Amino acid sequence: MITIHFILNGQPVNVEVMATDMLLDVLRGTLHLTGTKKGCGKGECGACTVIMNGRAVNSCMVPVAKADGARIDTIDGLGDPDHLHPLQEAFIEAGAVQCGFCTPGMIMAAKALLDEYPDPSDDEIKEAIAGNYCRCTGYTKIIKAIHIAARMSNGKGGV
Amino acid sequence: MKCGYYTASTIEDVIARQRAHPGKSAVIAGGTDILLDIEEGKKNADLLIDVTQIPELNQIEEMGGRIRIGAAVTHAAAEKSSVIQRNARLLAEACRSVGSLQIRNIATLAGNVVSAQPAADAAVALTALDAEIEIAGQDGRTTIPILKAYKGVGKSAIDTSSQLVTAITFDALNKNQGSAFIRLEQRTALALPMLNVAAVTALNPDGKTFAWVRIVMAPVGAGPVRAFKAEKSLKDAPVTMDAIKAAAEEAASEANPRSSRLRGSREYRLEVLPVLVRRAVAAAAEEVPGHGLCLEKEAVRL
């Protein structure tokens, strides 16, 4: 076992892990942050997307040793029931959620995009979420929701 | 997954760890291939040595017309790099075709080569750039041409229990040279290509004849496949669609694709391959300012 230190949703954390545990399993199993979902477990579905040092990654494919010293943001750190994050509000407004399983990963992929490109085009959105499967919505409303969130942020440079 | 994990801080550090675990370690960069291979029992290692925190492996440099990409540079970093966009546009495009953004943010170009998968997009573009692989090992450093890095499908000539790739280098494209990368795919993300073709063309100063051409095709053999005969047939040939078409047919005769239930039969691939080669060579030639190619749009796009 080794001790890993990282900044999780703005708070410093120390956690005892096996270095080859996957970040996803540490988040869900050790830290009990179950907002991030496990889908395929091999980097194909995007349900486990988190943001590591500003970039969207599949947490099922990141040995937790790679997170040592990193900044990790997960869906659990976005908003709360009384104060939703603009992306969460936009997903509700656009009806971009059906079964909801892909939503945490989809929102984190969208957040990484908007943090870098506050006013993305349709194509930029499609490229950013191409690694996130949704079997319910057909994506149209998700793309619309990301545009709405971008407008809410009012070009203030990220949401 | 039960194995040790060590994050190295220098190249020497990697080599020392490899020496301490003879034959039992493996280098990990992004890990998007090797982690699955270990999980599925296709590969074995007692110790994974992470090379992504070694500062010099994270650089993209341009020096005296030569581009050097460190072994820890990700596809996303290469795709966005102005050095790559300016000097090797086809490589930026190929990097953008790999996996998904989440994969490209982690997976490295060096890994794309060492995994030795025949259809690996970045490796196909690097082969068209006639790239060389810099390797550090127990007996010092060596450089090999990219084609020598392949021993078979999924089998690399680079043994990461005793060696590591430190960088990939190639000559920057100049103004008399053009490049193109074309991918036949069923969907634009998270899918291996049915076929991909990369071409780099250099025109003679008159713009009317080819000085040389490099054509790379995949997956039509173990690793990226150069169409050497087709390349030779275009040397000093006129920059015309007729010459390009003839060379494209020749290129297909140098390909040996397998049938895939998911990504097309051998017969289908052999039928469409010349079309892709034609498009790639024509698009690369069209990139050179003052090219003499008469745009026969129908012929190019068909």
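Residues numbered from 1 in each chain as written. Chains lettered and ligands numbered in written order. Predicted model: local features only at pLDDT ≥ 70, side-chain atom pairs only at ≥ 80, totals over all residues.

### A look at the overall build of chain B
Counting its regular elements, chain B contains twelve helices and 14 strands. A globule of 302 residues ought to have a C-alpha radius of gyration of about 19 Å, and chain B, at 19 Å, matches this closely. Viewed in the frame of its principal axes, chain B has a C-alpha envelope of about 60 × 45 × 30 Å. In chain B, which comprises 302 residues, the share counted as buried stands at 52%. Contacts spanning at least 24 positions in sequence make up 64% of the contacts within chain B whose residues lie at least 6 apart. (Helix = DSSP H or I, 4+ residues; strand = E, 2+ residues; numbered from the N terminus. Rg over C-alpha atoms; globule rule 2.2 N^0.38 Å. Buried ≥ 20, exposed ≤ 12 C-beta atoms within 10 Å, placed from the backbone. Contact = placed C-beta atoms within 7 Å.)

### Here we look at the overall build of chain A
Scanning chain A from N- to C-terminus turns up five helices and five strands. Of the regular secondary structure in chain A, the N- to C-terminal order runs β-β-α-β-β-β-α-α-α-α. In terms of C-alpha radius of gyration, chain A reaches 15 Å, essentially the compact-globule figure of 15 Å for 159 residues. For the C-alpha atoms alone, the extent of chain A along its principal axes is close to 45 × 30 × 30 Å. The proportion of buried residues among the 159 residues of chain A is 47%. Nonlocal contacts in chain A, meaning residues at least 24 apart in sequence, comprise 60% of its contacts between residues at least 6 apart.

### Overview of the packing of helix α5 (residues 89-97) of chain B against helix α8 (residues 121-128) of chain B
A packed helix pair is summarised by two numbers, namely the angle formed by the two axes and the spacing between the axes. Residues and elements named next belong to chain B. For the pair α5 and α8, interaxial distance at closest approach is 7 Å and the crossing angle is 165°. Judged by the angle between their axes, α5 and α8 are roughly antiparallel. The chirality of how α5 crosses α8 is right-handed. Mapping the contact onto sequence places Leu90, Leu91, Ala94, Cys95 and Ser97 in α5 and Asp121, Ala122, Val124, Ala125, Leu126 and Ala128 in α8. (Axes fitted to C-alpha atoms, helices over the stretch in contact; angles between N-to-C directions. Parallel < 35°, antiparallel > 145°, perpendicular 65-115°, else oblique. Left-handed = near helix turned anticlockwise from the far one by under 90°.)

### What about the interface of chain B and chain A?
Taken together, the 19 residues of chain B in the interface contact 19 residues of chain A. Contributing elements (two or more residues each) for the side of chain B that touches chain A: β1 (4-7), α2 (34-39), β3 (47-50) and α6 (101-104) of chain B. Per-class residue counts for the side of chain B that touches chain A are eleven nonpolar, seven polar and one charged. (Nonpolar A, V, L, I, M, F, W, Y, C, P; charged D, E, K, R; others polar.)

### Quick look at unusual backbone geometry
Residues alanine 218 of chain B and proline 219 of chain B are joined by a peptide bond in cis, for which omega reads -15°. Among the secondary structure elements, proline 219 of chain B is positioned in the loop between β13 (210-218) and β14 (225-226). Although it is not a glycine, histidine 32 of chain A sits at a positive phi angle of roughly 55°. Along the polypeptide, histidine 32 of chain A turns up in the loop between α1 (23-30) and β3 (49-52). By the C-beta count within 10 Å, which is 8 here, histidine 32 of chain A ends up exposed. You will see that alanine 116 of chain B, though not glycine, has its phi angle at about 60°, which is positive. Mapped onto the fold, alanine 116 of chain B is located in the loop between α7 (109-114) and α8. You can call alanine 116 of chain B buried: it has 21 C-beta atoms within 10 Å.

### Points about the sheet that holds strand β6 (residues 132-137) of chain B
Residue and element names in this part refer to chain B. Taken in spatial order, the five strands of this open sheet run β4-β5-β10-β6-β7, and their pairing is antiparallel. Edge positions in the open sheet fall to β4 (60-63) and β7 (140-145), since each of these has one partner strand only. Ignoring which end each strand starts from, the neighbouring axes of this sheet average 25° apart. (Pairing = 2+ DSSP bridges.)

### Considering the domain arrangement of chain A
Residue and element names in this part refer to chain A. Taken as a whole, chain A is organised into domain 1 (2-77) and domain 2 (86-152). A C-alpha centroid distance of 21 Å is found between domain 1 and domain 2. Elements with a minimum of two residues in the side of domain 1 that touches domain 2: β3 and β4 (55-58). Counted by class, the side of domain 1 that touches domain 2 contains seven nonpolar, five polar and two charged residues. (Domains from an automatic or database assignment.)

### Brief notes about the sheet that holds β14 of chain B
All names here are of chain B. Strand order across the open sheet formed by four strands is β11-β12-β13-β14, with antiparallel pairing between neighbours. With one partner strand each, in any of the chains shown, β11 (177-184) and β14 form the two edges of the open sheet. Together, β11 and β12 (195-203) form the strand contacts of α5, whose direction differs from that of β11 by roughly 15°.

### Focus on the domain arrangement of chain B
Residue and element names in this part refer to chain B. As far as domains go, chain B holds domain 1 (4-171) and domain 2 (177-301). Each of domain 1 and domain 2 was reduced to a C-alpha centroid, and the two centroids are 26 Å apart. Each partner contributes residues to the interface: domain 1 has 23 residues there, and domain 2 has 21 residues. Counting only elements with at least two residues in the side of domain 1 that touches domain 2, the list comes to α5, α8 and β8 (150-152). Here the side of domain 1 that touches domain 2 gets six residues from one element, more than from any other, and that element is α8. Of the residues that constitute the side of domain 1 that touches domain 2, the class distribution is 14 nonpolar, five polar and four charged.

### A word on the nonpolar core
Core analysis: the largest hydrophobic core is formed by 152 residues, its most contacted members being Leu91, Met217 and Val281 of chain B. When sequence neighbours within four positions are dropped, the list of residues in contact with valine 281 of chain B reads Ala199, Thr201, Val213, Ile215, Ile244, Ala247 and Ala248 of chain B. (Core = buried A, V, L, I, M, F, W, Y, C linked by C-beta atoms within 7 Å.)

### Structural notes on the environment of valine 225 of chain B
Residue and element names in this part refer to chain B. Secondary-structure assignment places valine 225 in strand β14. Once the C-alpha coordinates of valine 225 and alanine 255 are considered, the two residues, 30 residues apart in sequence, prove to be 7.4 Å apart. Excluding residues that lie within four positions of it along the chain, valine 225 makes contacts with Val216, Met217, Ala218, Val220, Glu254 and Ala255.

### Thoughts on the confidence of the model for chain B
Residues of chain B with pLDDT of at least 70 account for 97%, and the chain-wide mean is 94. Complex prediction metrics read pTM 0.95 and ipTM 0.95. (pLDDT = per-residue confidence, 0-100.)

### Examining the pairing of strand β5 (residues 66-70) of chain B
All names here are of chain B. With four bridges joining them, β4 and β5 adopt antiparallel strand pairing. Paired with methionine 63 across the strands is arginine 66, a residue of β5. Linkage of β4 to β5, two consecutive antiparallel strands, is achieved through a turn of two residues, within which glycine 64 is found at a positive phi near 55°. Pairing geometry for β5 and strand β10 (residues 163-171), over five bridges, is antiparallel. Pairing of arginine 68 across the sheet is with threonine 169, part of β10.

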